[in-house]
Amino acid sequence: MPDNANLYAVLREAFQSRRSAAALETPDGGVITFRELDDGAARVAGALLAGGASPGDRVAVQVDKSPEALLLYLGCLRGGFVYLPLNTAYPERELDYFIGDAEPAVVVCRPESEAMVGRIAKARGVRTVYTLDGAGEGSLITAMMTVTALARVEPCAGDDLAAILYTSGTTGRPKGAMLTHDNLSSNARVLHATWGFRDGDVLLHALPLFHTHGLFVACNTSLLNGSLMLFCPRFDVDTVKRLLPRATVFMGVPTFYVRLLADPDFGREHARNMRLFVSGSAPLLTQTFEEFRERTGHTILERYGMTECGMSTSNPLDGERRAGTVGRPLDGVKLRVVDDHDRPVKPGQVGNIQFIGPNVFKGYWRNPEKTAEEFTADGFFRSGDLGSLSDDGYVTISGRGKDLIISGGYNVYPKEVELCLDEIEGIAESAVIGVPHADFGEAVTAVVVPAMSAAAPDEAAVIAALKDKLAGYKVPKRVHFVDELPRNAMGKVQKNVLRDRFG
Ligand code: MCA
Ligand code: AMP
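This structure is a prediction, so every number in the text was calculated from the model and none was measured.

> Where do I start with the packing of aromatic side chains in this structure?
Note on aromatic pairs: each is described by the distance of the centres and the angle between the planes. Scanning the model with the defined rule gives 23 aromatic pairs in all. Judged by centre distance (5.8 Å) and plane angle (70°), the ring pair of Tyr 97 and Phe 98 falls under edge-to-face. Since its relative accessible area comes to 4%, Phe 98 is described here as buried. These aromatic residues form a ring-pair network of at least three members: Phe 235, Phe 250, Phe 256, Tyr 257, Phe 266, Phe 277 and Phe 292. Across the ring face of Tyr 364, the terminal group of Lys 175 is positioned such that the distance to the ring centre comes to 4.9 Å.

Put into structure tokens, the structure is as follows:
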């Protein structure tokens, strides 16, 4: 094990002996070796230093997926900067909040966003804005050619921050989850072992790079294995079908599996070299699990995680992968199900899921109050998920204590959408719910009470107004108008009533 706890040092030690092997291959056949990956990370770190970032500074990144985007992540780690990935769907309003809150020294954005990000950067004291496009071109790449590459891997303590990932909350205000080098490397190691990564594995990577699943779960395990990733810019059924016969491991959100099954041509032949299909980020329907097994002969392995903690549970590689469950706690993770007074409930009973382990984050960025609220007196993290434990230790997630919709693997907090709806002229109040959706699992749906005083906008106008303010996946697919919202005796909106009516 390296003395330096920097995650990059851990990954580099693992792939060091394979420097001339291919690390990444794009669908058009472009290849990057581990040597090129290592040199590229050194150059990115040099460019970020030249841009005015010092170790410990945040580097915010909103770019399309490409091998260079992965270099950017690795370069941040290598230089000891704190990586802050942002979904490319976030519009100006959301971006301004993240940059204002995290105060990054450097921002890397798509070339087409340069003017907008430049305005935010100027107002928020960002030192340098670099650009990077999906083809791997931009001012970051130009800078990488001319700067001095950082030869060392910046020494880090295990407790130093490696990344901040924003996650929304029930108050509607996103919070930055602070993840340390030890959080990420311990999770990568345990997943690598649990899922039996081995020589010759090839991971087909079709997830976005800006969230835990695609960035940490997929990339870190594969880099730790020193093996090849077939690196797709996005999920697309035809590309996955074309590349899958060369892969042994695939990771996806349930929507990926639903879309593959919706193609009648997809089947055993495509999965002939596969050894492992992993699903997570949202509940996998038993129907999808069974249909996939029938069609391909493979049993999807479902696991459970959160931005704040990486992965916490997994179904086994060997042994029963039980439909509708997320398996057992990973090695080193202690999970319990408790009542509202933090007292453990009996096996089979539903309660609040809490866990503790090396994967659990350091806290919310500059938000000690919120951090304290989310931990119990004895140090367990309150996940906000509801579930039960079987006698033999399998966890079933049965609901969420938090008001959250998961659409195609992306989280949408209704409060955030409701706040934007209520700002629209002609809307008195609103409630946002998730309703079952064949493709996305849940679809964001708005229920709106028009204001008496102003002319009410129609559904299309509401959706258009929201598209300026929110990432596309958060924008309701439907808007329903009602005279009043159903409320209980406490005055709280009864979302279950709305779900029954509009689902
Ligand atoms: C795109 N759109 C969506 C979604 N994605 N609407 C609802 N839910 C979505 N997930 C909308 C766009 O706003 C756009 O709307 C239209 O669909 C087409 O956009 P496009 O980008 O072309 O869509 P797509 O390529 O079909 O994307 C669907 C997708 C994608 C492939 C399922 O959403 C995806 O890659 N999801 C994976 C998310 C993920 O990685 N989650 C992991 C989070 P319009 O036409 O109106 O503009 S990590 C996590 O949850 C934890 C830690 C864990 O356990 O892993
Ligand atoms: P995020 O905020 O993106 O970290 O999303 C984390 C949430 O996704 C968890 O708290 C769960 O509610 C949900 N989640 C992740 N994996 C699963 C799964 N396999 N089954 C059900 N829910 C899941």
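> How do you make sense of the layout of surface pockets when you look at a structure like this?
To locate leftover empty space, one rolls a probe as large as a water molecule over the atoms. Counted as a void, the second largest pocket has a volume near 970 Å³. Lining the second largest pocket are 41 residues, with Arg 400, Leu 404, Ile 405, Gly 434 and Glu 442 sitting closest to its centre. For the lining of the second largest pocket, the secondary-structure elements that each account for two or more residues are helix 10 (254-261), helix 11 (286-296), strand 20 (395-400), strand 21 (405-407), helix 13 (414-422), strand 23 (427-437), strand 24 (441-450) and helix 15 (495-502). With 4 residues, helix 10 is the largest single contributor of residues to the lining of the second largest pocket.

> Can you help me understand helix 8 (residues 212-225) in this one?
The end-to-end C-alpha distance of helix 8 is 18 Å, a good match for the 20 Å that 14 residues give at a rise of 1.5 Å each. Within helix 8, the axis deviates most sharply at Cys 219, by approximately 30°. Among the 14 residues that make up helix 8, 14 are buried, leaving the element largely enclosed by the rest of the structure. Of the residues flanking the end of helix 8, it is Gly 226, one or two places downstream, whose phi is positive at about 60°.

> Just checking my understanding: could you explain helix 15 for this structure?
Three- or four-residue spacings in an α-helix give side chains the same orientation, since the helix completes a turn every 3.6 residues. Residues of helix 15 that are buried: Lys 495, Leu 498 and Phe 502. Around the axis of helix 15, the buried residues are gathered within 55° of arc, so they sit on the same side. Where helix 15 is buried, its residues contact helix 13, strand 23, strand 24 and strand 25 (478-481).

> Would you take a moment to explain the sheet that holds strand 13 (residues 301-306) for this structure?
Adjacent strands of a sheet pair through backbone hydrogen bonds, lying either parallel or antiparallel. Read across the open sheet, the 9 strands follow the order 2-1-10-9-11-12-13-14-15; overall the sheet is mixed. Both edges of this open sheet fall to strand 2 (31-33) and strand 15 (328-329), since each of them pairs with a single strand only. Inspection of the sheet shows strand 12 (residues 276-279) paired to strand 13 by 2 bridges, in the parallel sense. Looking across to strand 13, one finds that Ser 279 is bridged to Glu 302. Of the strands in this sheet, strand 1 (22-25), strand 2 and strand 10 (228-231) touch helix 3 (residues 67-79), which is tilted by about 130° from strand 10.

> Which parts of the structure should I look at to understand the environment of Leu 204?
In this fold, Leu 204 is placed in strand 9 (residues 202-205). Separated by 46 residues in the primary sequence, Leu 204 and Phe 250 have C-alpha atoms spaced 5.2 Å apart. If near-sequence neighbours (up to four positions away) are discounted, Leu 204 is found in contact with Leu 230, Cys 232, Val 240, Leu 243, Leu 244, Ala 247, Val 249, Phe 250 and Met 251.

> Would you mind showing me how to read the site of ligand 1 here?
Surveying the vicinity of ligand 1 reveals 25 residues, the closest of which are Arg 234, Arg 259, Ser 281, Arg 303 and Ser 407. One of the side-chain N or O atoms of Arg 303 is found 2.8 Å from an oxygen atom in ligand 1. Within the complex, the protein chains bury 73% of what would otherwise be the 1000 Å² of accessible surface of ligand 1. Residue assignment for the shell around ligand 1 shows that the elements contributing at least two residues are helix 8, helix 10 and strand 13.

> What am I meant to see in the environment of Lys 492 here?
Inspection of the secondary structure puts Lys 492 in the loop between strand 25 and helix 15. If we skip the residues at most four places from it in the chain, Lys 492 touches Pro 486 and Arg 487.

> For this particular structure, what's the right way to read the nonpolar core?
Across soluble globular proteins, nonpolar side chains show a tendency to be buried alongside one another. Core analysis: the largest hydrophobic core is formed by 112 residues, its most contacted members being Leu 37, Leu 70, Leu 74, Val 108, Phe 250, Met 251 and Phe 355. The element contributing the most residues to this core is helix 3, with 8 residues. Apart from residues lying up to four places away in sequence, Leu 70 is in contact with Leu 24, Leu 37, Leu 209, Cys 219, Met 229 and Phe 231. Judged by nonpolar contacts, the second largest core, of 40 residues, contains Ile 99, Val 117, Trp 365 and Leu 421.

> Help me out: how do you make sense of the pairing of strand 14 (residues 310-314) in this one?
Of all 5 residues making up strand 14, 5 are buried, and the element is well covered by its neighbours. Summarising the sheet, strand 13 and strand 14 pair through 4 bridges and their orientation is antiparallel. By the bridge assignment for strand 14, Met 306 is matched with Gly 310. Connecting strand 13 to the antiparallel partner strand 14 that follows it, the hairpin turn spans 3 residues. Two strands pair when backbone bridges link them, and strand 14 and strand 15 are joined in this way by 2 bridges, in the antiparallel orientation. Its bridge partner being in strand 15, Thr 313 is matched across the sheet by Pro 329.

Analysis parameters
Residues numbered from 1 in each chain as written. Chains lettered and ligands numbered in written order. Predicted model: local features only at pLDDT ≥ 70, side-chain atom pairs only at ≥ 80, totals over all residues. Heavy atoms only, no water. Phe/Tyr/Trp six-rings, centres within 6.5 Å; stacked < 30°, edge-to-face > 60°. Buried < 20%, exposed > 50% of the residue type's maximum accessible area, 1.4 Å probe, protein only. Lys NZ or Arg CZ within 6 Å of the ring centre and 35° of its normal. 1 Å grid on protein atoms, 1.4 Å probe; cavity = no way out; pocket = protein on both sides within 12 Å on 5 of 7 lines; lining within 4 Å. Points joined across faces, edges and corners; volume = space filled by probe spheres on them. Helix = DSSP H or I, 4+ residues; strand = E, 2+ residues; numbered from the N terminus. Expected span 1.5 Å × (residues − 1). Bend = angle between axes of the 7 residues up to and from the residue. Arc of directions from axis to C-beta. Contact = heavy atoms within 4.5 Å. Pairing = 2+ DSSP bridges. Axes fitted to C-alpha atoms, helices over the stretch in contact; angles between N-to-C directions. Near = heavy atom within 4 Å. Polar contact = N/O pair within 3.5 Å; in protein donor to acceptor, adjacent residues only side chain to side chain. Areas by Shrake-Rupley, 256 points an atom, 1.4 Å probe, with all protein chains shown as cover. Core = buried A, V, L, I, M, F, W, Y, C linked by side-chain atoms within 4.5 Å.

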